[in-house]
Amino acid sequence: MADVRPLGMDRPARLAVVIGLCLAPVVGLGVVHSGKWMLAGVAITGLAMVLLRRPMLGVYGLVVGAFFDSVSITTPFATLGAGDVAALCLNGAWLAHRLVNPRGLRLPERSHLLLGYFILALASLAFGVAPHTGVGVYARLLTYGLTMVAVVDLVRDVDAIERITVVMALCSLVHAAIGVGFMGSAGRLSGLVGQPNLLGVLIALGLFPTAGWIIRSKNAFVRGILIAACLFMALAIVLTISRGTYIAVGLAFVWWIRRSARLAVALVVVLGATYFTMTQFAQERVDRIETRLRFQDSSVVNRGIVAKNGLLAIAESPLLGVGFGQFGHASDAVDITSEVGRGTHNFYIGTAASTGLPALLLLLAFLFSQARRLGRGIANAREKING
């Protein structure tokens, strides 16, 4: 008869058992008195272990969080949107993953330009009209700067990028479904985010990957589903009555189809089907869209005023602006008498007015370098597949 002996425990295992036994009373008390926080702690610990092993899941979670950032939680130090939470989780998992699995760090193209922007933003924050109001915004800026580095370092193959586009398309479709599903009898589509212009942007971000997958798909059934999803998202964008989104999506599609007559025909079909559907089932909304597209409502006048306020701030402080994240207090430094406290509704004017022209130029140079690298990658891909 074989001699069976119990397996022993090595030193790390014994240490883990001792620590577990010592923590057991603490965990018990926590469950009794702070069950909600203990449950959150367990969930966060489990999530951290999963992300440490599969950090790319954190990237996909970041995309979902960015799309649904309007869903927020209140903590003792700040109100965090889903995007903020996803970014913090990804950053922690990425840093831990790099410690466990060290390898060459891959930084974004021309990252020194972005670093220069961060430095100028900090200087603008310190010398602004109300520095305390911009501290939280700057902390969020640094968090997302680190998040971008993490994403660039983790996403190293085309397959991961393709999966990201699928997640984007699904998120946009969900936004469109929620918006249309809870649409009132009148008014603009605002959906979960409660703001038509932002909803239009979120749906448009997934519209283009969906259209791309239509071309890519070889299965007729899948292509039909994708076409239906694309038409549905296009309809939802129309119902937001967001003029800025109309212009951006229109220009983007014109740029996309410039090389393909087939894509141009498909775009005309989509627009025609969307317009026909609207005229048949929502003539009142069609009338409202036509009214807004005349650009004669009070919103146009107000946006002209806030843009003028931004230009006045740039003229007053061209180097560092009125203060990073402090444009709402621009009236303390500039003679503003109308639409006080409102943003500029223009990214470029807003950045220059709050942070200064040099910061805007650095940021634009960084973005241009990313676009140029993407263009080179697309050109190389076309050469490999003969156009």
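Because the structure is a prediction, the values reported are computed rather than measured.

About the thresholds
Residues numbered from 1 in each chain as written. Predicted model: local features only at pLDDT ≥ 70, side-chain atom pairs only at ≥ 80, totals over all residues. Heavy atoms only, no water. Phe/Tyr/Trp six-rings, centres within 6.5 Å; stacked < 30°, edge-to-face > 60°. Buried < 20%, exposed > 50% of the residue type's maximum accessible area, 1.4 Å probe, protein only. Helix = DSSP H or I, 4+ residues; strand = E, 2+ residues; numbered from the N terminus. Salt bridge = Lys/Arg side-chain N within 4 Å of Asp/Glu carboxyl O. 1 Å grid on protein atoms, 1.4 Å probe; cavity = no way out; pocket = protein on both sides within 12 Å on 5 of 7 lines; lining within 4 Å. Points joined across faces, edges and corners; volume = space filled by probe spheres on them. Axes fitted to C-alpha atoms, helices over the stretch in contact; angles between N-to-C directions. Parallel < 35°, antiparallel > 145°, perpendicular 65-115°, else oblique. Left-handed = near helix turned anticlockwise from the far one by under 90°. Contact = heavy atoms within 4.5 Å. Nonpolar A, V, L, I, M, F, W, Y, C, P; charged D, E, K, R; others polar.

### Some remarks on the packing of aromatic side chains
All told, the structure shown has five aromatic pairs when counted by the stated rule. Here tyrosine 117 and phenylalanine 118 contribute two aromatic rings whose centre-to-centre distance is 6.0 Å and whose plane-to-plane angle is 50°, an arrangement assigned as tilted. Neither residue differs from the other here; tyrosine 117 and phenylalanine 118 are each classed as buried. Aromatic pair tyrosine 138 and phenylalanine 324: ring centres 5.7 Å apart, planes at 90°, arrangement edge-to-face. With tyrosine 138 in helix α6 (residues 135-154) and phenylalanine 324 in the loop between α13 (298-316) and α14 (347-355), this pair connects stretches of sequence that are 186 residues apart. Given a relative accessible area of 7%, phenylalanine 324 falls into the buried group.

### A few points about the pattern of salt bridges
The final tally for this structure, using the stated rule, is six salt bridges. The salt bridge involving arginine 156 is made with aspartate 153; its shortest N-O contact spans 2.5 Å. Beyond isolated ion pairs, a larger network of salt bridges with shared partners links Arg98, Asp153 and Arg156.

### A short note on the layout of surface pockets
Size it by volume and the second largest pocket reaches roughly 900 Å³. The wall of the second largest pocket is formed by 31 residues, among which Ala234, Ala266, Leu267, Val270 and Leu271 lie closest to the centre. Looking at the lining of the second largest pocket element by element, the count peaks at 10 residues for helix α11 (residues 261-281).

### Observations concerning unusual backbone geometry
One non-glycine residue, arginine 110, lies in positive phi territory at about 55°. Mapped onto the elements of the fold, arginine 110 is located in the loop between α4 (82-100) and α5 (111-126). Classification of arginine 110 by relative accessible area gives partly exposed; the value is 42%. Phi is positive for isoleucine 241, which is not a glycine, with a value near 50°.

### What to know about the packing of helix α7 (residues 158-181) against helix α8 (residues 196-216)
Running from amino to carboxyl end, α7 crosses α8 at an angle of 130°, the nearest separation of the two axes being 7 Å. If you check the angle between α7 and α8, you find them oblique. In this structure, α7 meets α8 at a crossing whose hand is left-handed. Between α7 and α8, the contacting residues are Glu162, Thr165, Val166, Met168, Ala169, Ser172, His175 and Ala176 on the first element and Leu199, Leu202, Ile203, Leu205, Gly206, Pro209, Thr210, Trp213 and Arg216 on the second. Taken together, the residues of the contact of α7 with α8 break down into 10 nonpolar, five polar and two charged.

### Focus: the packing of helix α3 (residues 56-67) against α7
At a minimum axis distance of 10 Å, the contact between α3 and α7 shows a crossing angle of 30°. The angle between α3 and α7 falls in the class roughly parallel. Judged by the sense of rotation from one axis to the other, the crossing of α3 with α7 is right-handed. Each of Met56, Val59, Tyr60, Val63, Val64 and Phe67 in α3 lies in contact with α7, whose residues at this interface are Ala160, Arg163, Ile164, Val167, Met168, Cys171, Ser172 and His175.

### Focus: the environment of valine 129
Note on placement: valine 129 falls in the loop between α5 and α6. In this structure, the C-alpha to C-alpha distance between valine 129 and aspartate 332, residues 203 residues apart in sequence, is 6.7 Å. With residues up to four places along the chain from it excluded, the contact list for valine 129 reads Val322, Gln326, His329, Asp332 and Ala333.

Any link to function would need more than the numbers given here.
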